[in-house]
Every structure is written in C-alpha cells, then in structure tokens.
Amino acid sequence: MPDELLTSLLRDVSRSFYLTMRALPGAVRRQIAIAYLLARTTDTVADTELVPAESRLEALSALRQRIMGTSGAALPFSQWPADQTTRAEQILLARCEESLQLLKGLEAADGRRIREVLDTIISGQELDLKRFAGATAQRIAALETAAELDDYTYRVAGCVGEFWTRMCRAHLFPQAAIDDESLLSKGIRFGKGLQLVNILRDIPQDLRNGRCYVPRQSLTAANLAPEDLMEAKNETRFRPVYEQFLAIAEGHLAAGWEYTEMLPRGQMRLRLGCAWPLLIGAGTLRLLQKENMLDASRRIKVSRREVHFMRLRSVWLYPWRSAWNGQFKKTLDPCK
C-alpha cells in the first residue's frame, strides 16, 4: 500500500520528523508527509558517496524532471550500491515511483506548492555537490562568505518554512487575521535556524568529508583556516567565530518561536508540531555553548529523555499561555 510510505517508511527514515508529522492536523498531514518523503529521497540521492558526484547530479536532474512532470523517463539509481545507504534509504530509492504517484494524486494547488519547494531544495543539493566535488579530509573545500551560508540554509530549509506556512494557511486558517508577510518571513527564518543548528553541530563530521560550511572569510579574519578546525585543541581560537554563528542561529530560532506564537491558539496540533523542533534546536544550542564543538570523538545532541520531556511539558503547559510561551527561553537557559 502506498500509504505505508507515509507511515512506517517515513518513521524509519526520520523518527523525529515522524513524531512531528503525527501531531499535525489531518488537513495538511498527508501533503507535508509526501513533500518530506520526496525531499528525503533527493537527499539520499545527493548523499550516496560511492556514486561519483557527476552521476548523482544527473540523477538529481532526472528526479527533478519527474517531480516537475516534465519527463517520464526511468530513474537512474535503481542499481546503485546498497552499502552506502541504510535499509530504509534503500527502500526509499526503490519505491520512488510510488512516492511520485502520491504526489500526482494531490489537488493541483497542493502539488504545485510541493513541486516549488522541492525544486528549491534540489537546487541547494546540486549546488552542494558542485561546490564540494573532489573535496576530502586532506583537501577541504569551504564556503567563502556568510551570504553563501545564508543562501544555502534558505535553499535546503528556509524554503521549507515558506512552504509549510503556505500549505497550513491554505488549509487550516485561511480566514485568520494574521500578518502574512511577517508570518512568511519568520517561517523562513524558522527553517534556516534549524538547518544552521545542524551545521554548527556537525562541523567535525563535515570536515572529515571535506566540507566546511563555516565561511572562509570569517575564519581568515580570525587567522584560521578550515584545516585548523580538524584539531579540537583549536576550539579556543575558533570560539569567537563560532559564537557569531550561534547568535545568528538563536535569532532565527527565536523568530521561529514568534512564528509559533502567531499561529491561532485553536491550532494546538500545528503549534505543537512547530514547537517541538524549535525546543530541540534550542536545547542543542545550549549544549553547543558549553561543549567543544571541534571534538570529533563525540556527537553533541539532546538526549532522547530530554526530548521526551520537552514534548510532554509542551502539551501540559499549553492551557497556560504565559508558561507555554516561555518554554523557548527556558530551554535555551534553564537558569532564567
């Protein structure tokens, strides 16, 4: 059954998003799940590292054409090596045709919104593949400017906040008196903030894949090179640069929380679905403020226990507006 793709397979490729999706109102759950399923498929295509970058770019182009409905050609990744992907990702690629059929079955306006966001996401994945082609731990490639980093976070995540907003506005609260320009702007920052947190957390892993998302200009101003970030002992020198980007991430997430507060109070499921990733992002920022982010021996992340507590607390606090709204700041700094 195709709907299995939107339940068990979606759960297997992303347990955290699956929990968020289950919280969403039924009127938008299916559309957002299909968009995420296809985005995870394009991400798997982009990240299958045993396949040459040129072949991955060709596959992404072919998949984009199928998503946009401009081609019916067979997709080229059915014979790709399985040992570079998880079992769930193998199934994701093998059943891509079914995912595309789910997209075709949606109402025209919903299909258009999904195609637009996937087109933008794929453009970011393609840019990434071209930018880091041939990069290794011995030959690290880096973004040049903060503007390039901001553009990348928009392409792969900020556009998702925009899509999410338009989809929910159309189906859940079309008549609500909300400043749409402000809501869209904050929705974009919401997505960019979550992506930037991931980038700031994953610096050691990305460097060992030859990728440095910390802009070279920012590093040069601190008398650092991307290669210096391979050594945990350079954390003290890097910290002032890192703090600048932590502040940007915090500002984006704070805008995301304002976005959540702008949503109608009656949309409890939607507000919870927005609040959970923001609270996890805030908790991650709190850890990154204290830990050595260059230490490749450990991955900094919020524990499952704390995530479970965040979810339960957000539901329990919902009737009390002030307490619920204060969760974000409390998660960033429990001492406040």
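For clarity, every value in this text was computed on a predicted model and none was experimentally measured. (Residues numbered from 1 in each chain as written. Predicted model: local features only at pLDDT ≥ 70, side-chain atom pairs only at ≥ 80, totals over all residues. Heavy atoms only, no water.)

Enquirer: Mind showing me how you'd approach unusual backbone geometry here?
Expert: Keep in mind that most residues, glycine aside, have a negative phi and that most peptide bonds are trans. Although it is not a glycine, Asn223 sits at a positive phi angle of roughly 60°. Its place among the elements puts Asn223 in the loop between α11 (216-221) and α12 (235-262). Of the residues examined, Asn223 reaches a relative accessible area of 63% and is grouped as exposed. (Helix = DSSP H or I, 4+ residues; strand = E, 2+ residues; numbered from the N terminus. Buried < 20%, exposed > 50% of the residue type's maximum accessible area, 1.4 Å probe, protein only.)

Enquirer: Explain the environment of Glu54 here, please?
Expert: When you line up the elements, Glu54 lands in helix α4 (residues 53-68). Since its relative accessible area comes to 56%, Glu54 is described here as exposed. A sequence separation of eleven residues divides Glu54 from Gln65, and the C-alpha atoms of the two residues are 17 Å apart.

Enquirer: I keep staring at empty space enclosed by the protein and nothing clicks. Help me out?
Expert: Empty space left among the atoms is revealed by rolling a probe the size of a water molecule over them. Applying the stated criterion to the full structure yields two cavities of 30 Å³ or more. Broken down by element, the residue count for the lining of the largest cavity peaks at three residues, all from helix α10 (residues 203-207). For the lining of the largest cavity, the residue count by class is six nonpolar, no polar and two charged. Its boundaries defined by the atoms lining it, the second largest cavity holds a volume of some 30 Å³. Taken together, Arg201, Pro204, Gln205, Met293, Asp295, Arg298, Arg299 and Ile300 make up the full set of residues lining the second largest cavity. (1 Å grid on protein atoms, 1.4 Å probe; cavity = no way out; pocket = protein on both sides within 12 Å on 5 of 7 lines; lining within 4 Å. Points joined across faces, edges and corners; volume = space filled by probe spheres on them. Nonpolar A, V, L, I, M, F, W, Y, C, P; charged D, E, K, R; others polar.)

Enquirer: Would you explain the environment of Met268 in this entry?
Expert: Structurally, Met268 is set in helix α13 (residues 268-290). In this structure the C-alpha to C-alpha distance between Met268 and Ala88, which are 180 residues apart in sequence, comes to 31 Å. Not counting residues up to four positions away in its chain, the partners in contact with Met268 are Val315 and Tyr318. (Contact = heavy atoms within 4.5 Å.)

Enquirer: Where do I start with the packing of aromatic side chains in this structure?
Expert: Counted according to the given criterion, the structure contains nine aromatic pairs. A connected cluster of aromatic rings, assembled from ring pairs, spans Trp257, Tyr318, Trp324 and Phe328. (Phe/Tyr/Trp six-rings, centres within 6.5 Å; stacked < 30°, edge-to-face > 60°.)

Enquirer: Help me understand the pattern of salt bridges in this model?
Expert: Any two side chains of opposite charge can pair if their charged atoms end up close together. As enumerated under the stated definition, the model contains 21 salt bridges in all. For Asp150, the salt bridge is made with Lys192, and the minimal N-O distance between the two is 2.8 Å. Here the residue Asp150 occupies a position in helix α8 (residues 146-171), and Lys192 occupies one in helix α9 (residues 180-201), the gap between them amounting to 42 residues. When its relative accessible area of 10% is taken as the criterion, Lys192 is described as buried. (Salt bridge = Lys/Arg side-chain N within 4 Å of Asp/Glu carboxyl O.)

Enquirer: Is there a simple way to think about the packing of α8 against α12 in this case?
Expert: For any two helices packed against each other, the geometry is given by the interaxial angle and the distance between the axes. Close contact between α8 and α12 brings their axes to 13 Å; oriented N to C, the two are set at 10°. It follows from the interaxial angle that α8 and α12 lie roughly parallel. When α8 is examined against α12, the residues Leu149, Asp150, Gly161, Trp164 and Thr165 are found in contact with a partner set consisting of Phe245, His252 and Tyr259. Here the residues of the contact of α8 with α12 are counted per class, giving four nonpolar, three polar and one charged. (Axes fitted to C-alpha atoms, helices over the stretch in contact; angles between N-to-C directions. Parallel < 35°, antiparallel > 145°, perpendicular 65-115°, else oblique.)

Enquirer: How should the nonpolar core be read in this particular structure?
Expert: Side chains that are nonpolar tend, in soluble globular proteins, to be buried together. In this structure, Phe77, Ile114, Trp164, Val214, Phe238 and Leu270 are the most contacted members of the largest nonpolar core, which totals 108 residues. The leading source of residues in this core is α13, at eleven residues. Apart from the residues lying within four places of it in its own chain, the contact partners of Val214 are Ala142, Leu143, Ile203, Leu219, Leu229, Phe238, Val241 and Phe245. (Core = buried A, V, L, I, M, F, W, Y, C linked by side-chain atoms within 4.5 Å.)

Note that every value here comes from positions in space, so none of it alone points to a role or purpose.
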